Amino acid sequence: MTDQLLKTVPALPGDARAALTGLRDEIAKAVVGQDAAVTGMVVALLCGGHVLLEGVPGVAKTLLVRTLATALDVETKRVQFTPDLMPGDVTGSLVYDTRTAEFSFQPGPVFTNLMLADEINRTPPKTQASLLEAMEERQVTVDGEPRKLPEPFMVAATQNPVEYEGTYPLPEAQLDRFLLKLVLPLPSRDQEFQVLSRHANGFDPRDLASAGVRPVATAAHLAAARAEVGRLTVAPEVLAYIVDLVRATRNSPSLAMGVSPRGATALLNTSRAWAWLAGRDYVTPDDVKALALPTLRHRIQLRPEAEMEGTTPDSVIQAVLAQTPAPR
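Below: a short report on this structure.

Over its 17 residues, helix α12 (residues 261-277) runs 25 Å from end to end, which matches the ideal 24 Å to within 8%, given 1.5 Å per residue. Of all the positions in α12, only G263, A264, A266, L267, L268, T270, S271, R272, A273, A275, W276 and L277 are classed as buried. For α12, the secondary structure elements touched by its buried residues are α2 (16-27), α3 (35-47), β9 (180-183), α10 (219-230), α11 (236-250) and α13 (285-296). In the segment just after α12, G279 is the residue with positive phi, at about 90°.

Written out as C-alpha cells, the structure reads:
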C-alpha cells in the first residue's frame, strides 16, 4: 500500500499504525507548521488522554481539532467557555417535559468523541470543575445517576497565554488531568507564506472537504492501536529513569511543587505511544526525553522568586533532563 493511498483510503484494523500515522499527513492538508502539536494530539489519542493547547489567537488551535476529528471520522463538538457558562451547559441537565409530566435528561456537548473546550480559562472554577468527572471517569453524574460518555472520548482545551484579564487559571488538580500541554508557536516566515498561499488559492478553513481532508482512520483503528501500545516492553532501567526524572523535579530549588506519581505514569504512557509510532515494540530513554516537556510542563509549580528571575517550567525540565543520567 503506497503512502498516497494511505492518505485517501482507511487501512484495515490490522494496519493501525499506518492509519494513525496517516492522520498526521491528512491534518497537514489544512494545518501548516504545527507538526509537533499534531503528533502530540495523536499521542494523546493513543493514550486515551486529554490535551491542553496553548497559543496566541490565530495559530490554528481550533482548526487542528476540527481537522483531527474529520480525519479520524469521529464526532466533535465545540463549547465556547465564557464567564456566564454554567456546569449544566457542558454536562447536560434534567428538563421538564410538559407532555409526560416527567423530567428527562438532555445530554450536553460533553457527550461526543472529541470535545473542544475553547478558552477554558475564561469560565469560573465551578464550570471548569464540571469537566473533572468526564475527563477522569469518562462519565457524567446528573441527579445522582451516572451516564457513560462515548468511546473514544477526548477533551482538547485551549487557552490564551497573553490575555490574563477576566480569566480563571486552572487549578493544579485539573491541570494534572491533562495528559499533555502542547504549545503552538507562531509560524516561521516560510510557513506563514504557505498559509497565505493556500488562502489565496481558495482554501476555506470552514470547508475541510474542499481542502481534500477525508477520513483515513476510524475508532476501530484507534482501539487496535491502543491495544498494541499496551503491549510494548518497558525495561526496568527505563522505568527507573522516569522515576529519577520526576523525583528530581521535587528536589529542584526553583519549584514549589514537583511532578506527582500521576505525572510519572503519564510520562510512561506517552513514551510508549511515541515508541509505537516510531515502529518499535520497546521504549528507549530518548522516547522519554522526547515527551518530557509536553507531559510534565503543566504539572510543576514555580516558586515566586524563580518566576521573577525569568525561570520557566520548560527550562526547569530541560535542566532536570541534562542532570539526570540516562541508562545506556
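Of all hydrophobic cores here, the largest spans 71 residues; its most connected members are L20, L23, M41, L46 and W276. Apart from the residues within four sequence positions on either side, L46 is in contact with L20, L222, A225, R226, V229, A273, W276 and L277. Residues L85, F105, M115 and I120 belong to the second largest nonpolar core, which totals 23 residues.

Here we take up a nonpolar patch on the surface. A contiguous nonpolar patch, built from L94, Y96 and F103 and spanning about 320 Å² of accessible area, is present on the exposed surface. One can find F103 in strand β4 (residues 102-107).

On to the pairing of strand β7 (residues 145-148), then. Sheet topology places strand β6 (residues 139-142) next to β7; 4 bridges connect them, and they run antiparallel. Bridge pairing in β7 links Q139 to K148. The antiparallel pairing of β6 with β7 creates a hairpin that spans 2 residues between the two strands, and D143 there sits at a positive phi of about 55°.

The next subject is the packing of aromatic side chains. Here the structure, examined in full by the defined rule, presents 2 aromatic pairs. Look at F105 and F111: their rings are 5.8 Å apart centre to centre, the planes differ by 70°, and that puts the pair in the edge-to-face class. For the pair F105 and F111, one class covers both residues: buried. Here the basic side chain of R147 rests over the ring of F105, its NZ or CZ set 4.1 Å away from the ring centre. For R280, the ring lying beneath its charged end belongs to Y282, and the centroid distance is 5.6 Å.

Taken in spatial order, the 5 strands line up as β2-β5-β8-β1-β9 in an open sheet, and their pairing is parallel. Bordering the open sheet on either side are β2 (76-80) and β9, each of which pairs with just one other strand. Between one strand axis and the next, the sheet turns by 20° as a mean value, whatever way the strands run. Pairing of strand β1 (residues 51-54) with β9, which is carried by 4 bridges, proceeds in the parallel orientation. The residue bridging E54 from the neighbouring strand is V183, located in β9. Along the sheet face, α3 touches β1, β8 (154-159) and β9 and points at about 165° away from the line of β9.

The rules behind these values
- Residues numbered from 1 in each chain as written.
- Predicted model: local features only at pLDDT ≥ 70, side-chain atom pairs only at ≥ 80, totals over all residues.
- Heavy atoms only, no water.
- Helix = DSSP H or I, 4+ residues; strand = E, 2+ residues; numbered from the N terminus.
- Expected span 1.5 Å × (residues − 1).
- Buried < 20%, exposed > 50% of the residue type's maximum accessible area, 1.4 Å probe, protein only.
- Contact = heavy atoms within 4.5 Å.
- Core = buried A, V, L, I, M, F, W, Y, C linked by side-chain atoms within 4.5 Å.
- Patch = residues over 30% accessible without salt bridge, like charges linked within 9 Å, V, L, I, M, F, W, Y side chains within 5 Å.
- Areas by Shrake-Rupley, 256 points an atom, 1.4 Å probe, with all protein chains shown as cover.
- Salt bridge = Lys/Arg side-chain N within 4 Å of Asp/Glu carboxyl O.
- Pairing = 2+ DSSP bridges.
- Phe/Tyr/Trp six-rings, centres within 6.5 Å; stacked < 30°, edge-to-face > 60°.
- Lys NZ or Arg CZ within 6 Å of the ring centre and 35° of its normal.
- Axes fitted to C-alpha atoms, helices over the stretch in contact; angles between N-to-C directions.

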